[in-house]
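Commentary on secondary and tertiary structure
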Amino acid sequence: MTQTLLSLGHGYTARALARRLVPQGWTVIGTLRDDTQFDAARADGVTPLLWPVDFEEALSGVSHVLSSIRPDDNGDPVLRVGRTALAQAKGLKWVGYLSTTGVYGDMDGGWVDEDTPLDPGGIRGQMRVKAEAEWQAVEGLPLHIFRLAGIYGPGRGPFAKLRRGTARRIIKKNQVFSRAHVDDIAQVLEASMMQPSSGRIYNVCDDSPAPPQDILTFAAELLGMEPPPEVAFEDAEMSPMARSFYSDSKRVRNERIKQELGVVLKYPNYRDALKAMLAEEKA
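Every residue gets a number counted from 1 within its own chain, in the order that chain's sequence is written. Totals for whole chains, interfaces and linings use all residues, but because this is a predicted model, local features are given only for residues with pLDDT of at least 70 and pairs of side-chain atoms are given and counted only at 80 or more. Remark: hydrogens and water are excluded; side-chain values derive from all non-hydrogen atoms of the structure.

1. A word on helix 7 (residues 182-194)
Rule in force here: Each helix is a run of DSSP H or I of at least 4 residues and each strand a run of E of at least 2, with the numbering of both proceeding from the N terminus. For a helix, the expected span equals 1.5 Å multiplied by the residue count minus one. Exposure classes here rest on a 1.4 Å probe applied to the protein chains alone. A residue is buried below 20% of its type maximum, exposed above 50%, and partly exposed in between.
Its 13 residues give helix 7 an end-to-end C-alpha distance of 19 Å, which sits within 8% of 18 Å, the value for a rise of 1.5 Å per residue. Every buried residue belonging to helix 7 is among Val182, Asp184, Ile185, Ala186, Gln187, Val188, Leu189, Glu190, Ala191, Ser192 and Met193, and all of these are buried.

2. Brief notes about empty space enclosed by the protein
The cut-off we apply is this: Cavity means a closed set of points on a 1 Å grid over the protein atoms alone, one where a 1.4 Å probe fits but cannot get out, pocket means an open set with protein on both sides within 12 Å along at least 5 of 7 lines, and lining means a residue has an atom within 4 Å of a point. Grid points are joined across faces, edges and corners, and a volume is the space filled by probe spheres set on the points. Amino acids are sorted into nonpolar (Ala, Val, Leu, Ile, Met, Phe, Trp, Tyr, Cys and Pro), charged (Asp, Glu, Lys and Arg) and polar (every other residue, Gly among them).
Evaluation of the coordinates by the stated rule reveals one cavity of 30 Å³ or more. Counted as a void, the largest cavity has a volume near 30 Å³. Lining the largest cavity are Pro154, His181, Asp183, Tyr267, Ala273, Ala276, Met277 and Glu280. The greatest single-element share of the lining of the largest cavity, amounting to four residues, is contributed by helix 11 (residues 270-282). In terms of residue class, the lining of the largest cavity is made up of five nonpolar, one polar and two charged.

3. Details of the pairing of strand 5 (residues 94-100)
The side chains of a regular strand alternate, residue by residue, between the two faces of the sheet. What counts, and what does not: DSSP bridges decide pairing: two strands pair if at least two such bridges lie between them. A crossover counts as right-handed when, viewed with the strands pointing away from the observer, the path leading from the first strand over the helix to the second turns clockwise.
Among the seven residues that make up strand 5, six are buried, leaving the element largely enclosed by the rest of the structure. Relative to strand 5, strand 4 (residues 64-67) is paired through four bridges, and the arrangement is parallel. Following the sheet pairing, His64 is matched in strand 5 by Trp94. Following the chain from strand 4 across helix 4 (residues 77-88) to the adjacent parallel strand 5, one finds a crossover that is right-handed. Of the strand pairs in this sheet, strand 5 and strand 7 (residues 143-148) are connected by six bridges, and their pairing is parallel. Residue pairing in the sheet places Tyr97 in a bridge with Ile145 of strand 7.

4. Section: unusual backbone geometry
Residue Pro52 is reached from Trp51 by a cis peptide bond, and omega for that bond is 5 degrees. Along the chain, Pro52 falls in the loop between strand 3 (47-50) and helix 3 (55-58). Although it is not a glycine, Asp108 adopts a positive phi angle of roughly 50 degrees. Along the polypeptide, Asp108 turns up in the loop between strand 5 and strand 6 (111-112).

5. Points about the side chain of Thr13
Our working rule: Here, residues are in contact when the closest pair of their heavy atoms is within 4.5 Å.
Its location among the elements puts Thr13 in helix 1 (residues 12-21). The class of Thr13 is buried, set by a relative accessible area of 8%. When sequence neighbours within four positions are dropped, the list of residues in contact with Thr13 reads Leu98, Ile151, Val182, Ile185 and Leu189.

6. Section: the pattern of salt bridges
This is how the line gets drawn: What counts as a salt bridge is simple: a side-chain nitrogen of Lys or Arg found within 4 Å of a carboxyl oxygen of Asp or Glu.
If you walk through the whole model with that rule in mind, you get 14 salt bridges. Among the ionic pairs, Arg163 bridges to Glu281, the shortest N-O distance being 2.9 Å. Taken together, the residues span a long stretch of sequence, with Arg163 in helix 6 (residues 159-164) and Glu281 in helix 11 at a distance of 118 residues. Exposure remark for Arg163: the relative accessible area of 47% places this residue in the partly exposed category. You can call Glu281 partly exposed: its relative accessible area is 45%.

7. Considering a positive patch on the surface
To keep things clear, this is the line we draw: Exposure above 30% relative accessible area and the lack of any salt bridge qualify a residue for a patch; like charges then connect within 9 Å, and the nonpolar side chains Val, Leu, Ile, Met, Phe, Trp and Tyr within 5 Å. Only the protein chains shown count as cover for residues, and all accessible areas are computed by the Shrake-Rupley method using a 1.4 Å probe. When charges are counted, neither His nor the chain ends are considered; positive counts come from Lys and Arg and negative counts from Asp and Glu. A single reference atom marks each charge: NZ on Lys, CZ on Arg, CG on Asp, CD on Glu.
Among the surface-exposed residues, Arg15, Arg19, Arg70, Arg124 and Arg156 lie close enough to one another that they form a single positively charged patch. By the element assignment, Arg124 lies in helix 5 (residues 123-136).

Note that every value here comes from positions in space, so none of it alone points to a role or purpose.
Dropping the structure here:
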């Protein structure tokens, strides 16, 4: 039986998932806001669809749905126009919603898992909590929520900034982040699609939370460069959004994706990932 994924907001992570599914014979339909991106989508074997969509038409024949679209001040954009169609859709086996570990808030470097109470301090985290609740409120939806740590991978790493001389090692006491390589996110999503567990929530991250300056230092070492100078967080010139990323410090547990989905991380730590990314650049 043909499997068809409707990818709402077909961006960086969804493209990585499509690269796994299309060779297996899946039909992947990806919504995009700009038709100038259509040719690139088709080159990946993805059928492009201009957002916003007619949901009743878009969901016809679809077995799986992934939403990567961020909430806004008015809630979740997908549910604002597609709630009824999603609730009434026939044949949906799996629905995935990409959220963020920002829903847990600041833990001062402590550990969180999927059962940790949600307590976001920033507006973006609060919007995500609200959006998760909106998705959970759609009756009968085979929903799976994925709380993603900081996403990186090809084209989204420290090497370009180091080469441009724009990278900064910003130092904030006790600051630590968890991260997830995009290829590992994609394999988690695929594993969940193969064994749905409606209502389940998964943290998606690697095994090695680390201070942000450690990643830059290691990347500079791989490039044979001196690491950029350290800048105290209090003295750093940053945009409000960039500064907000430093408001939360936590370590994220990922045992559930391993125990329930059988995932073996391709990149369990940033060192392995950065080595592989640099090798791919040179290939």
